[in-house]
Amino acid sequence: MTPREIVNALDRYIIGQDEAKRAVAIALRNRYRRSCLSPELREEITPKNIILLGPTGVGKTEIARRLAKLVDAPFVKVEASKYTEVGYVGRDVESMVRDLVEESIRLTKQKRMDLVKDAAAAATEQRLVELLLPQQKKQQRTVNPLQFLLGSGQPEPEEPKPTEEEQQARKTLKEQTLERLRAGLLEKEIVEIEVEESVNAMMFGASGMEIDMGGMLGDLLPKKKKSKRMPVEHARSILMQQESEKRIDPDDVNREALQNAEQNGIIFLDEIDKIAGSANQMGGADVSREGVQRDILPIVEGTTVSTKYGPVKTDFILFIGAGAFHVAKVSDLIPELQGRFPIRVTLKDLTEDDFYAILTQPDNAITKQYAALLRPDNVNLSFTEDALREIAKFAFRANEQNENIGARRLHTVMENLLNDISFNANGQHPLIDVVVDGAYVDAHLSAEWGEDNISKYIL
Ligand SMILES: Nc1ncnc2c1ncn2[C@@H]1O[C@H](COP(=O)(O)OP(=O)(O)OP(=O)(O)O)[C@@H](O)[C@H]1O
Ligand SMILES: [Mg+2]
């Protein structure tokens, strides 16, 4: 995608914040540009990491979320505040790279599986048919135990070869079963299949630290197999999985996934301001915060992290940091870390007009969400133009007079506004049209709008 296309795609969900959209779009495109270069030159070019700054609720995390759906690259969003310094209880920072690799593996596998989808589906169908056919009777063999022990005994009686007719009959039966299977008539039939038992050995150490034994040893421990009876509809997806996996080479997947994570991976470090502690307020927690920053440093700078799929170089992974930075400042981050994020983009406070746009324009706009939610209860909800203007105005005023929580305010205001409708709709009436107009908004929001009643809108 070209930068312009990326911005356009983001525009469908995020109002305004053009500068931030441009910055991430350019960074993404630069990954592609770099991949076109000669290997020597490519080694020289490292990504320019970005920090998105801005007040709460203006779209920082939302941009990351949308970006993740957009790009075909391994992408993880992690919260910086979740990590702890090495040696402390909690997640160490290297796990973010492991998460990225895990995601990359999933992506690569998915791609490969798509390629073998048709073949796997055909094989699955064949196996289901075999499972559905009445089992051919095996002749019970009786062996004389004494002879068995002595290892002699008569030569085993040959199984009688099925006759021509029997074969023919079985073939027709097979065809019939296949037909019925395809027509969806056999979905509830019970079949017995072999499934692998996953080694589910999450162990919780005494310290409460999680050790993912299954993850660490999963590939070493032999997988237990077990027969399970289940309806065709469930069996199909399991068989499909088995058949697909048979057709892809795990080593190949690993290699490609590691490479993809190294070259195209993106890590979105949300809440990065939460690990910034200014020097004068050093307390218990802050010591650890600075430790986390120091731990993150080499990862952003470029180091090699070992994962269960192999070592991963982090030199070319793109990092996008985001944080409100309303208490801590970017300058409260340790200088080395600040230096690793050369691009700073500030997201703007949203205006009343932005609120109006957020209410209506995005593909997932809240007004559309509420309308969709009430549909099953036979309510056809719509808003008039002036109602939407009023809502935007109320939300904006509430933000001005109380804490500014950005677009999140719209959610609280809408929830309050539609409280009665949401409560009363019960689906036991015929489809009714409910039109929310300016007067309704005024009546519902102004009534509680007295200076002392404002608390209702505070989260
Ligand atoms: N510019 C915007 N366009 C559309 N919707 C937005 C925008 N900004 C915020 N929203 C809405 O507000 C919600 C909160 O935004 P988001 O999670 O991006 O906040 P944030 O900037 O990450 O804030 P914080 O610093 O508190 O994490 C989103 O779920 C989204 O619905
Ligand atoms: Mg956020």
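It should be emphasised that the depicted structure is a prediction, and the values quoted were computed from it without experimental measurement.

Draft legend 1. Region of the structure containing the overall build of the chain. When you go through the chain residue by residue, the secondary structure sums to 19 helices and 13 strands. Within the chain, the fraction of its 459 residues that count as buried is 29%.

Draft legend 2. Here's a closer look at the confidence of the model for the chain. Taken over all residues, the pLDDT of the chain has a mean of 83, while the share at 70 or more is 83%. Segment residues 200–211 is flagged for pLDDT under 50; beyond a separation of four residues in sequence, or across chains, it makes 14 contacts in the model.

Draft legend 3. Highlighting the environment of Val-312. By the secondary structure assignment, Val-312 is in strand β9 (residues 310–313). When the C-alpha positions of Val-312 and Val-101 are compared, they lie 8.2 Å apart, and in sequence the two are 211 residues distant.

Draft legend 4. Examining helix α10 (residues 232–247) more closely. For α10, which comprises 16 residues, the first-to-last C-alpha distance of 22 Å matches the rise-based estimate of 22 Å (1.5 Å per residue) to within 8%. Turning to α10, its buried residues number three or more, namely Val-232, Ala-235, Arg-236, Leu-239, Glu-243 and Ser-244. All buried residues of α10 fall inside an arc of 165° around its axis, so they share one side. Those residues of α10 that are buried lie in contact with α5 (95–115), α6 (117–132), β3 (190–197) and β6 (224–231).

Draft legend 5. Looking closely at the packing of α6 against helix α8 (residues 164–182). Contact geometry of α6 with α8 gives a least axis separation of 10 Å together with a crossing angle of 115°. Note that α6 runs across α8; the crossing there is right-handed. Contact residues: α6 offers Glu-125, Leu-128, Val-129 and Leu-132, while α8 offers Lys-174, Thr-177, Leu-178 and Leu-181. For the contact of α6 with α8, the residue count by class is 5 nonpolar, 1 polar and 2 charged.

Draft legend 6. Structural view of the site of ligand 1. The environment of ligand 1 is made up of 17 residues, and the closest members are Thr-56, Gly-59, Lys-60, Thr-61 and Ala-407. It is helix α4 (residues 60–70) that contributes the most residues to the shell around ligand 1, 3 residues altogether. Here the residues of the shell around ligand 1 sort into 7 nonpolar, 7 polar and 3 charged. Each of domain 1 (3–111 + 257–346) and domain 3 (352–457) gives at least three residues to the shell around ligand 1.

Draft legend 7. Region of the structure containing the sheet that holds strand β10 (residues 318–323). Taken together, 5 strands build an open sheet; the order of strands is β2-β7-β10-β1-β11 and the sheet is parallel. Of all strands in the sheet, those with a lone pairing partner are β2 (75–79) and β11 (343–346), marking the two edges. Each strand axis lies, on average, 20° off the axis of its neighbour in the sheet, ignoring direction. When β2 meets strand β7 (residues 266–270), the two strands line up parallel, connected through 5 bridges. Of the residues in β7, the one forming a bridge with Glu-79 is Asp-270. With respect to the sheet, α4 is in contact with β1 (50–53), β2, β7 and β10, its orientation differing from that of β10 by roughly 150°.

Calculation rules
- Positions within a chain are numbered from 1, following the residues in the order the chain's sequence is written.
- As a convention, the first chain written is A and the first ligand written is 1, with the rest following in written order.
- For a predicted model such as this one, the threshold for reporting local features is a pLDDT of at least 70, and the threshold for listing and counting side-chain atom pairs is 80 or more; totals across whole chains, interfaces and linings nevertheless cover every residue.
- Think of it this way: any DSSP run of H or I at least four residues long counts as a helix, any run of E at least two long counts as a strand, and we number them from the N terminus.
- Field definition: a residue is buried when 20 or more other C-beta atoms are found within 10 Å of its C-beta, exposed when 12 or fewer are, and partly exposed for counts in between, with C-beta atoms placed from the backbone.
- As a per-residue quantity, pLDDT reports the predictor's confidence and falls between 0 and 100.
- With C-beta atoms placed from the backbone, a contact is any residue pair whose C-beta atoms sit within 7 Å.
- To estimate how far a helix should extend, the number of its residues minus one is multiplied by 1.5 Å.
- By arc we mean the arc of the directions from the helix axis to the C-beta atoms, nothing more.
- Here an axis means a line fitted to C-alpha atoms, over the contact stretch when the element is a helix, while the angle between two N-to-C directions is reported on a 0 to 180 degree scale.
- By the definition used in this description, the sense in which the near helix is turned from the far one sets the handedness, with an anticlockwise turn below a right angle giving left-handed and a clockwise turn giving right-handed.
- Polar here means any residue other than Ala, Val, Leu, Ile, Met, Phe, Trp, Tyr, Cys and Pro, which are nonpolar, and Asp, Glu, Lys and Arg, which are charged; Gly is therefore polar.
- By definition, a residue lies near a molecule or strand when the C-beta atom built from its backbone is within 6 Å of it.
- The domain limits used here are those given by an automatic or database domain assignment.
- Should DSSP find at least two bridges between two strands, the strands are taken to pair.

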